Amino acid sequence: MVNSRVDVPTVAVMGSGGVSASRSCAGCGGRIADRFLLYSMERYWHTRCLKCSCCHAQLGEYSSTCYSKGGMILCKNDYIRLFGHSGACSACGQSIPASEMVMRAQGNVYHLKCFTCATCRNRLVPGDRFHYINGTIFCEHDRPGTGLLSGHPTPLQANSMMSDQKVC
């Protein structure tokens, strides 16, 4: 199982003309007799078989980049959606396994145990309301300062939390 991002170039389009050795597709297992084939993650693929595990986009047509984590093959958009830009928790910086449920806030991804209030350190759970201010998470009771403008608190962005119930 690959637990890290696979960077460019991960998809190579190759002509199969004149190749005497028969190659089988890592996706369907069938023999590749097509004029073109793809080579990615040290395996050969029919152009129609190398697909994103989430959106099912054909990666050979879509991009020359694909990502692999937790046994999934992903397009760039789905990799970032699922694992953030680095594939790491925004709080602790450690890798997030593909099978682990996560919490999300403003495009950042967190381990469940790391999604805590910066003030009281209480873990926030699905359904809790929180405030996300300058990259810091606060529970509803510990939002910082009142920053008065005309006698009204400055607007804070309150988010309703959701954890991912399934990966794709």
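Conventions and cut-offs
Residues numbered from 1 in each chain as written. Predicted model: local features only at pLDDT ≥ 70, side-chain atom pairs only at ≥ 80, totals over all residues. Heavy atoms only, no water. Helix = DSSP H or I, 4+ residues; strand = E, 2+ residues; numbered from the N terminus. Buried < 20%, exposed > 50% of the residue type's maximum accessible area, 1.4 Å probe, protein only. Contact = heavy atoms within 4.5 Å. Areas by Shrake-Rupley, 256 points an atom, 1.4 Å probe, with all protein chains shown as cover. Phe/Tyr/Trp six-rings, centres within 6.5 Å; stacked < 30°, edge-to-face > 60°.

Trainee: Explain the overall build of the protein chain here, please?
Mentor: Within the protein chain, the regular secondary structure consists of 2 helices and 12 strands. Secondary structure of the protein chain in N-to-C order comes out as β-β-β-β-β-α-β-β-α-β-β-β-β-β. Going through the 168 residues of the protein chain one by one, you find that 33% of them count as buried. Nonlocal contacts in the protein chain, meaning residues at least 24 apart in sequence, comprise 38% of its contacts between residues at least 6 apart. Accessible surface for the protein chain amounts to roughly 9800 Å². Of this, 49% is attributable to carbon and sulfur atoms.

Trainee: For this particular structure, what's the right way to read the packing of aromatic side chains?
Mentor: The final tally for this structure, using the stated rule, is 3 aromatic pairs. Both rings, one in Tyr39 and one in Tyr44, keep their centres 4.8 Å apart while their planes meet at 50°; by these two values the pair is tilted. An angle of 75° between the planes, with centres 5.1 Å apart, marks the rings of Tyr110 and Phe115 as edge-to-face. Per residue, the accessibility class of Tyr110 equals that of Phe115, and both read buried.

Trainee: For this particular structure, what's the right way to read the environment of Val125?
Mentor: Note on placement: Val125 falls in the loop between β9 (108-111) and β10 (129-133). Residue classification places Val125 among the partly exposed positions, given a relative accessible area of 33%. Counting along the chain gives 13 residues from Val125 to Leu112, while the straight-line C-alpha distance between them is 7.9 Å.

Coordinates in, geometry out; function isn't part of it.
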